[in-house]
Amino acid sequence: PLVVVGIGISIASITDFRRFKVYNALTFPIFFGGLAYGLFQAGWPGLWFAVAGAFSGFGILLVPYLMGGLGAGDVKFVMAMGTWIGAAFLLPAILFGCLVIFVYYLLVIARKQGLSGISENVQLMVMRLSCFGKNLALNDQYESVQSAAHTPESRNHGRLIPFSAMMSVGIVIALAIHMMQGQ
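Per chain, residue numbering runs from 1 following the sequence as it is written. Reporting of local features is limited, given that this is a predicted model, to residues whose pLDDT is at least 70; pairs of side-chain atoms are given and counted only at 80 or more, and all residues count toward the totals for whole chains, interfaces and linings. As a rule here, side-chain values cover all heavy atoms of the structure and leave hydrogens and water aside.

### Structural notes on the packing of aromatic side chains
No. 1: Side-chain rings of Phe, Tyr and Trp (the six-membered ring for Trp) are treated as a pair once their centres are within 6.5 Å; stacked means planes under 30 degrees apart, edge-to-face means over 60, and tilted covers the remaining angles. Taken as a whole, this structure holds four aromatic pairs when the rule is applied.
No. 2: Among the aromatic side chains, those forming a connected cluster through ring pairs are Phe-28, Phe-31 and Phe-32.

Written out as structure tokens, the structure is:
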């Protein structure tokens, strides 16, 4: 499992950084391989472990995907990883990945707009989160990540975050902590 996860996060990170895309040619074999591995390794409980991991990833990322905040490849990547690492391990990996995303976002903004840009963007993010469910875009030319990723001339293309690459870092952090605890 560690080899498959390692290869998966490496390839996804490369394609996500280069093209903001994670390909089905990667996610589908990892997903179905995880299901098959779980079944053959531990029978029905192993299959349930893999399915629960996949559905956990799907459940956590469905709303952000539907709101246009990440691509379908990102959801499929997290689901595929979930089949190998399970639901209990996937949650901390996603939480660490979200922390990495936040730090990456701050670095991108600081590079492009300086420290004042960080303050303005964090305030905008807080406002958006406080209005969650009412008007997330706040009438500021909101553009989905899917459309911004496909058009390099998009005004938001330079602000895209390679989600799967950041989730990969989260998986590595969670795995390192797990190994340091000797479990």
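### Details of the nonpolar core
No. 1: For the purposes of this section, nonpolar cores are sets of buried Ala, Val, Leu, Ile, Met, Phe, Trp, Tyr and Cys residues that join through side-chain atoms within 4.5 Å. The rule is simple: take the accessible area with a 1.4 Å probe, protein chains only, and divide by the maximum for that residue type; under 20% is buried, over 50% is exposed, in between is partly exposed. In this structure, Val-5, Phe-77, Val-78, Met-81, Phe-163, Met-167 and Ile-171 are the most contacted members of the largest nonpolar core, which totals 33 residues.
No. 2: What counts as a helix is a DSSP run of H or I of at least four residues, what counts as a strand is a run of E of at least two, and both are numbered from the N terminus. For this core, the secondary-structure elements that each account for two or more residues are α1 (2–19), α2 (24–66), α3 (72–85), α4 (87–130) and α6 (163–180).
No. 3: By definition in these notes, contact holds between two residues if any of their heavy atoms fall within 4.5 Å. Those residues in contact with Phe-77 that lie beyond four places of it in its chain are Gly-8, Ile-9, Ala-12, Val-22, Thr-27, Ser-164, Met-167 and Ser-168.

### Re unusual backbone geometry
No. 1: In this model, Phe-20 sits at a positive phi of 55°, which is unusual for a non-glycine residue.
No. 2: Position of Phe-20 relative to the elements: it lies in the loop between α1 and α2.

### A look at the packing of α1 against α6
The relative placement of two packed helices is expressed as an angle between their axes plus a distance between the axes.
No. 1: Lines fitted to the C-alpha atoms define the axes, with helices restricted to the stretch that makes contact. Angles between their N-to-C directions range from 0 to 180 degrees. Running from N to C, α1 and α6 point in directions that differ by 150°, and their axes come no closer than 7 Å. Here α1 is positioned roughly antiparallel relative to α6, judged by the angle of their axes. The two elements α1 and α6 cross, and the hand of that crossing is left-handed. Across from Leu-2, Val-5, Ile-9, Ser-13, Asp-16 and Phe-17 in α1, the residues of α6 making contact are Phe-163, Ser-164, Ala-165, Met-166, Ser-168, Ile-171, Val-172, Leu-175 and Met-179.
No. 2: Classification convention: Asp, Glu, Lys, Arg as charged; Ala, Val, Leu, Ile, Met, Phe, Trp, Tyr, Cys, Pro as nonpolar; all other residues, Gly among them, as polar. Residue composition of the contact of α1 with α6, by class: 11 nonpolar, three polar and one charged. Here the angle decides the label: under 35 degrees means roughly parallel, over 145 means roughly antiparallel, 65 to 115 means roughly perpendicular, and every other value means oblique. Helix crossings are classified by the rotation of the near helix relative to the far one: an anticlockwise turn of less than a right angle makes the crossing left-handed, while a clockwise turn makes it right-handed.

### Re α6
No. 1: By this rule, a helix spans an expected 1.5 Å times one less than how many residues it contains. Across its 18 residues, α6 extends 26 Å between first and last C-alpha, which sits within 8% of the 26 Å expected from 1.5 Å per residue.
No. 2: Those residues of α6 that fall on the buried side of the exposure criterion are Phe-163, Ser-164, Ala-165, Met-166, Met-167, Ser-168, Gly-170, Ile-171 and Ala-174.
No. 3: Of the residues flanking the end of α6, it is Gly-182, one or two places downstream, whose phi is positive at about 75°.

### Notes on the environment of Leu-99
No. 1: One can find Leu-99 in helix α4.
No. 2: Residue classification places Leu-99 among the exposed residues on the basis of a relative accessible area of 55%.
No. 3: Each C-alpha atom of the pair Leu-99 and Val-169 lies 9.9 Å from the other, and the pair is 70 residues apart in sequence.

None of this, on its own, says anything about what the molecule does.
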